[in-house]
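Overview (structure and organization)
Below are the chains, spelled out letter by letter.
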Amino acid sequence: MSEREAVTAARPAAPAARSASSAPAGRAVVMDGAALARKVRHEVAARAAGFAARTGRRPGLAVVQVGEDRASSVYVSYKRKACQEAGIESFGHDLPAATAESQLLALIAELNRDERVDGILVQLPLPGGLSPDRIMDAIDPRKDVDGFHPVNFGLLAQKRPRLRPCTPYGVIRLAQEYGIALRGVKATVVGDSTIVGRPMAMELLLAEATVTVCHIATRDLRADVERAEVLVSAVGKAGLIRGDWIRPGAAVFDVGISWAANGKLCGDVEFERAAERAGWITPVPGGLGPMTIAMLLSNTIDAACARAGTS
Ligand code: NAD
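In what follows, the accompanying structure is described. What you see as residue numbers is a count from 1 along each chain, following the sequence as written. With pLDDT at 70 or above as the cut-off, local features in this predicted model cover only qualifying residues; side-chain atom pairs require 80 or more to be listed or tallied, and sums for whole chains, interfaces and linings still use all residues. Side-chain numbers come from the whole structure's heavy atoms, not from hydrogens or water.

Overview of the nonpolar core
- The definition of a nonpolar core used throughout is a set of buried Ala, Val, Leu, Ile, Met, Phe, Trp, Tyr and Cys residues joined through side-chain atoms within 4.5 Å. Residue exposure (1.4 Å probe, protein chains only): buried if accessible area is under 20% of the type maximum, exposed if over 50%, otherwise partly exposed. Counting residues in each nonpolar core, the largest one holds 52 residues, and the members touching the most others are Leu 61, Leu 174, Ile 180, Leu 204, Val 230 and Phe 253.
- Helix and strand definitions follow DSSP, with helices as H or I runs of at least four residues and strands as E runs of at least two, each counted in order from the N terminus. The element that contributes the greatest number of residues to this core is helix H12 (residues 288-308), accounting for 11 residues.
- Whether two residues touch is decided by their heavy atoms; if any such pair falls within 4.5 Å, the residues are in contact. Other than its neighbours up to four places away in sequence, Val 230 contacts Ile 180, Ala 181, Leu 182, Val 185, Lys 186, Ala 187, Thr 188, Leu 204, Ala 251 and Phe 253.
- Ala 28, Cys 214, Trp 245 and Ile 246 belong to the second largest nonpolar core, which has 17 residues in total.

Quick word on the site of the ligand
- The near set for a molecule or strand comprises every residue that places at least one heavy atom within 4 Å of it. Taken together, 21 residues surround the ligand, and among them Asp 192, Ser 193, Lys 237, Ile 257 and Thr 292 come closest.
- Polar contacts, as counted here, are pairs of nitrogen or oxygen atoms within 3.5 Å of one another; within protein the pair requires one atom able to donate a hydrogen and one able to accept it, and residues that are adjacent in sequence qualify only if both atoms are side-chain atoms. Between Ile 216 and the ligand, the recorded distance is 3.0 Å, taken from a backbone N or O atom to an oxygen atom.
- For the ligand, an oxygen atom lies 2.9 Å from a polar atom in the side chain of Thr 292.
- Residue-level accessible areas treat just the shown protein chains as cover; the underlying method is Shrake-Rupley with a 1.4 Å probe. Summarising the interface, the protein chains cover 72% of the accessible area of the ligand, which totals 860 Å² for the free molecule.
- The leading source of residues in the shell around the ligand is H12, at 3 residues.

Quick look at the packing of helix H3 (residues 33-55) against helix H4 (residues 70-86)
- Interaxial angle, 0 to 180 degrees, is taken between N-to-C directions of lines fitted to C-alpha atoms, where a helix line uses only the stretch in contact. Put simply, H3 and H4 touch, their axes get as near as 8 Å, and they point 55° apart. With respect to H4, the axis of H3 lies oblique. Residue-level inspection shows Arg 41, Val 44, Ala 45 and Ala 48 of H3 in contact with H4, the latter providing Ala 82, Glu 85 and Ala 86.
- All amino acids are sorted into three groups, where Ala, Val, Leu, Ile, Met, Phe, Trp, Tyr, Cys and Pro are nonpolar, Asp, Glu, Lys and Arg are charged, and the leftover types, Gly among them, are polar. Residues belonging to the contact of H3 with H4 are distributed by class as follows: 5 nonpolar, no polar and 2 charged. The labels follow the angle: roughly parallel below 35 degrees, roughly antiparallel above 145, roughly perpendicular from 65 to 115, and oblique for the rest.

Thoughts on the sheet that holds strand S5 (residues 186-190)
- Taken in spatial order, the 6 strands line up as S1-S11-S8-S7-S5-S6 in an open sheet, and their pairing is parallel. Because the sheet does not close on itself, it has two edges, and the strands there are strand S1 (29-30) and strand S6 (210-214).
- Here, strands pair whenever DSSP counts at least two bridges between them. Of the pairings in the sheet, the one linking S5 to S6 comprises 5 bridges and is parallel in character. Across the sheet, Val 189 pairs through a bridge with Val 213, a residue of S6.

Right, here's the structure in full:
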């Protein structure tokens, strides 16, 4: 049995994997993050309707943007629209780039107290002069729907997750959807940021994978990628992960977002060549981007239910 066949044989059959395997023989199943995100959002909408019926109010998410970073404005508008569609009330707070840290902290204190607000999201990056750590630390951990607060990170690290960082949680949901085994497999995470790489490593450990984390100081990235049965790359450098480094049959989750020389949006992984070797792969766009927003909504309804003491 070839290495690829062995990995394939080990993967549990999942209906979605079977239907997606109508891709040309020998090529990876392209994981449809947009489709799973729609499914999660429908589940959230049903739960939000139930929540409203039980409590007499809709779940609420406060979305705070400071400054006018163009990419952030696009992400924020997606999040607000997604809230509306899911029956979640969105409270927008757009502050000028010159906002003092004390003003932003005062707004967060107000949102922490506001009973209508179940989740607080402060869009990153923040303009220079504002400390993301101080801002994140100020959010009530029960309303920290991004999962960035040290309490929520600590709970995940201690194997008792509560509100989980959205992108890594989205990777786990996609793996479940496609029946990709995580327990006992060799997983490599490229990138060790506090918002993606590190919580991703914690999620994979929670799933009982054997985890290697690579970063800018890693000496032999290729070797760590080549041994990965599950690879998650979250760097933001187009073509960093060469297609011929991918282990045959591996599951490849590309979180990175950057622009190729031709101006097209792309991930960290050389998609075409990687798809010839991988068992599964996420596209960019259409992979983890939509899943991240879906998991934000899912966290918001979880936070609302936990605060209201309902299921
Ligand atoms: P970051 O800049 O905070 O971290 C980048 C990481 O990459 C660091 O750990 C750094 O050490 C590592 N790195 C840099 N060069 C490297 C190299 N040559 N070899 C190995 N490691 C290297 O970024 P982030 O906030 O974690 O985001 C990472 C990427 O993911 C970005 O492109 C971002 O836009 C994207 N992102 C996407 C989503 C989504 O929804 N799809 C969500 C969050 C972030």
